[in-house]
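Overview (structure and organization)
One-letter residues, chain by chain:
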Amino acid sequence: MNMYRTAAVVTLFSAAEHCLGFLYRIILSRTIGPEGLGVYQAAYTVFAVFLTVSASGLPVTLSRVISRHRAHGSRHREQSAVTGAVLISLAFSVPITVLLFALRGQFSQVFADARCADLFYILLAGLSCTSVYSVIRGSFWGNKRFFAYSFIELVEEMIRIGVGVALLLCVTTGIFGANLAAIAVLISYICSFAIALVYFFVKGGKFRSPKGELHPLLSASMPVTAMRASSSLMSSLISVLFPLQLRSAGYSAARAMSEYGVVYGMVMPVMAIPCAFISSIALVLVPELSENFYRGRKEQVCALAERALSATLLITCALVPFYLVCGQDIGVMLYSNAASGRMLSWCAALLLPMGVTMIVSSMLNSLGCEKHTLGIFLAGSAAMLLCTFFLPRYLGAGALLVGTACDSCITALLSLLLLRKKAGALRLGKYLARLAAALVPVAVLGALVHALLMRVMSYFPALAVTMLVMLASEAAMLSFFRLIDLKALLTRFFGKKRKKIAA
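Nothing here was measured: the structure is a model prediction, and the numbers come from that model.

1. Quick notes on the overall build of the protein chain
Each helix and strand counted, the protein chain has 20 helices and 0 strands in total. Here the C-alpha radius of gyration of the protein chain, 23 Å, is about what a compact globule of 503 residues would show, namely 23 Å. Expressed along its principal axes, the backbone C-alpha trace of the protein chain runs to roughly 70 × 55 × 50 Å. Expressed as a percentage of the 503 residues in the protein chain, the buried residues total 53%. A separation threshold of at least 6 residues defines the contact pool for the protein chain, and within that pool the share at least 24 residues apart is 83%. Carbon and sulfur atoms make up 68% of the accessible area of the protein chain, which amounts to about 22300 Å² in all.

2. Considerations on the pattern of salt bridges
What the rule picks out here adds up to 5 salt bridges. Notably, a salt bridge pairs R160 with E156, separated by 2.8 Å at the nearest N-O pair. Here R160 pairs with E156, and both are found in helix α7 (residues 146-170), just 4 residues apart, close to one helical turn. Per residue, the accessibility class of R160 equals that of E156, and both read buried. Among the salt bridges present, the one from R427 reaches E306, with a minimum N-O distance of 3.5 Å. Here the residue R427 occupies a position in the loop between α17 (398-423) and α18 (429-456), and E306 occupies one in helix α12 (residues 298-335), the gap between them amounting to 121 residues. The exposure class assigned to E306 is buried, which follows from its relative accessible area of 15%.

3. Section: helix α15 (residues 370-390)
For α15, built from 21 residues, the straight-helix expectation of 30 Å at 1.5 Å per residue is met to within 8% by its first-to-last C-alpha distance of 31 Å. Every buried residue of α15 is listed here: E370, T373, L374, I376, F377, G380, S381, A383, M384, C387 and T388.

4. Here's the deal with the packing of helix α14 (residues 351-366) against α17
It is the contact of α14 with α17, at a shortest axis distance of 9 Å, that shows an interaxial angle of 40 degrees. Taken together, α14 and α17 sit at an angle that is classed as oblique. In the crossing of α14 with α17, the sense of the turn from one axis to the other is left-handed. Here P353, M354, V356, T357, V360, S361, M363 and L364 of α14 lie close against α17, whose contacting residues are S408, C409, T411, A412, S415, L416, L418 and L419. Class assignment of the residues belonging to the contact of α14 with α17 gives a composition of 11 nonpolar, 5 polar and no charged.

5. Details of the nonpolar core
Most often, soluble globular proteins keep nonpolar side chains buried together rather than apart. With 73 residues, the main nonpolar core has F120 and M271 as its most contacted residues. Here the element with the most residues in this core is helix α10 (residues 253-271); it accounts for 11 residues.

6. Notes on the packing of helix α3 (residues 75-102) against helix α5 (residues 115-124)
Running from N to C, α3 and α5 cross one another at 150 degrees; their axes reach a closest spacing of 11 Å. When the axes of α3 and α5 are compared, the pair comes out roughly antiparallel. Once α3 is placed against α5, the crossing between them reads as left-handed. In this structure, α3 uses T97, L100 and F101 to contact α5, whose residues at the interface are F120, Y121 and L124.

7. Describing the packing of aromatic side chains
Enumeration over the complete set of coordinates arrives at 22 aromatic pairs. Judged by centre distance (5.1 Å) and plane angle (90 degrees), the rings of F120 and Y121 are edge-to-face. Like F120, the residue Y121 is buried in the burial classification. Pairwise contacts between aromatic rings join F50, F101, F107, F111, F120 and Y121 into one cluster. Its guanidinium or amino end placed over the ring of Y149, R137 lies 3.8 Å from that ring's centre, counting from NZ or CZ.

8. Re the confidence of the model for the protein chain
Mean pLDDT over the protein chain stands at 85; residues scoring 70 or higher make up 95%. No element of the protein chain has a lower mean pLDDT than helix α20 (residues 486-502), at 56, and none a higher one than α18, at 94. Taken as a whole, residues 496-503 scores under 50 in pLDDT and shows 1 contact with residues more than four places along the chain or in a different chain.

9. Regarding the environment of S89
Along the chain, S89 turns up in helix α3. Residues in contact with S89, not counting those within four places in the same chain, are S54, A55, L58, S131, V132 and V135.

10. Quick look at the side chain of S361
Relative to the helices and strands, S361 resides in helix α14. Using a relative accessible area of 15% as the deciding quantity, one classes S361 as buried. For S361, the side chain forms a polar contact with the main-chain oxygen of T357, separated by 2.8 Å. In this structure, S361 is in contact with T373 and S415, ignoring residues within four places of it in sequence.

Reading the values: the criteria
Residues numbered from 1 in each chain as written. Predicted model: local features only at pLDDT ≥ 70, side-chain atom pairs only at ≥ 80, totals over all residues. Heavy atoms only, no water. Helix = DSSP H or I, 4+ residues; strand = E, 2+ residues; numbered from the N terminus. Rg over C-alpha atoms; globule rule 2.2 N^0.38 Å. Buried < 20%, exposed > 50% of the residue type's maximum accessible area, 1.4 Å probe, protein only. Contact = heavy atoms within 4.5 Å. Areas by Shrake-Rupley, 256 points an atom, 1.4 Å probe, with all protein chains shown as cover. Salt bridge = Lys/Arg side-chain N within 4 Å of Asp/Glu carboxyl O. Expected span 1.5 Å × (residues − 1). Axes fitted to C-alpha atoms, helices over the stretch in contact; angles between N-to-C directions. Parallel < 35°, antiparallel > 145°, perpendicular 65-115°, else oblique. Left-handed = near helix turned anticlockwise from the far one by under 90°. Nonpolar A, V, L, I, M, F, W, Y, C, P; charged D, E, K, R; others polar. Core = buried A, V, L, I, M, F, W, Y, C linked by side-chain atoms within 4.5 Å. Phe/Tyr/Trp six-rings, centres within 6.5 Å; stacked < 30°, edge-to-face > 60°. Lys NZ or Arg CZ within 6 Å of the ring centre and 35° of its normal. pLDDT = per-residue confidence, 0-100. Polar contact = N/O pair within 3.5 Å; in protein donor to acceptor, adjacent residues only side chain to side chain.

Written out as structure tokens, the structure reads:
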């Protein structure tokens, strides 16, 4: 029960962080436009490659190593592991920063749009700070300090948004708006690093000799780092290749960057909404799963995996009808962009494989399957790259959506097969069938109500009523098929409310 309570708290923080980030994305889209958003996104994806190389594999590996040391009661080795992880991140991030600044003239030619280079070098100045911060957060994760882990991340997002909005509203010089957004990211990196380091020492954290921990950490983190670096590199490659392929098909440079900005700056952030909940499950689950795995408790590992997958399926499938029916209206409402809304509707079913991939990859990494997840990732990425290369001249921005679909489905299927091999049989077929039986009627009802109300009501009231009708019908159907205990939820909420009034 404590795990569920912790997951609920983490989910609140994660949801708040994602909501703020999503709001900020809307502000950016309306202030710097799709083209500016595309430039910002393209620069950030290249920076993400180097950020991933510097630290990405270390937090999850450090968390697993700390869980193993906790299982054996070795406090000194925990501190040595943290020290080793910090040194490894600095050993990568500092030379990368120095080298790229020294070769600025040559490296800037990597970008298809020259404006991306300025943004990239603003972000690069914070590489070492955010790399070490990621490692320190990994130590919080391994020690199950979920409040600190989530709270500092929320503070970073708040600083980024506050500084970004202030700069965009107050700076009236000729600085390109996307540059101001990058400056806000840099300031947030520095602040979160400082806060995390202070908290680490206040809570008794110490740096000890990393003897005996450097090599195990490095060898275990390399496959995860390689996978995530490949993911970042793939995003960077797409940010360059996709506009080039569109331009070769006759698109202007501005329109090509705008098409890229719509998909990755508008559509994908909305598609990532379930990640706020799934990442919370993964955050709480991974240390628990690792401890049980290293203690040889295979039944508990299988039970935890089934619970996590069931929760992930419920979250993603419950959102599919809303994206399917209301996606186009949401795109117009948030971004004043009908194309992004149409893409959201087309991509509704992708929520399922995307969510499954996220949770299963986290579980596999906690079970020591980093090399396998790297291979699975490369298989999905190959499909994405082929779609990006061959389809833009025929589908335009739709090529990115088809590529994402192929990537997600391949990765989800292969990851599930590997998890079944490691954890045992996962009995989820009946659960998924009940979800489909509950949610298909909700989608049909929503489509009918939406079509009717759009004829007799104005735009926003029709959308609001449609979503309320779908929410009520979905709650009723999920309760009918015993997928949620609606009565218990209502009793808990209103019961507490009555007790407070009585008191």
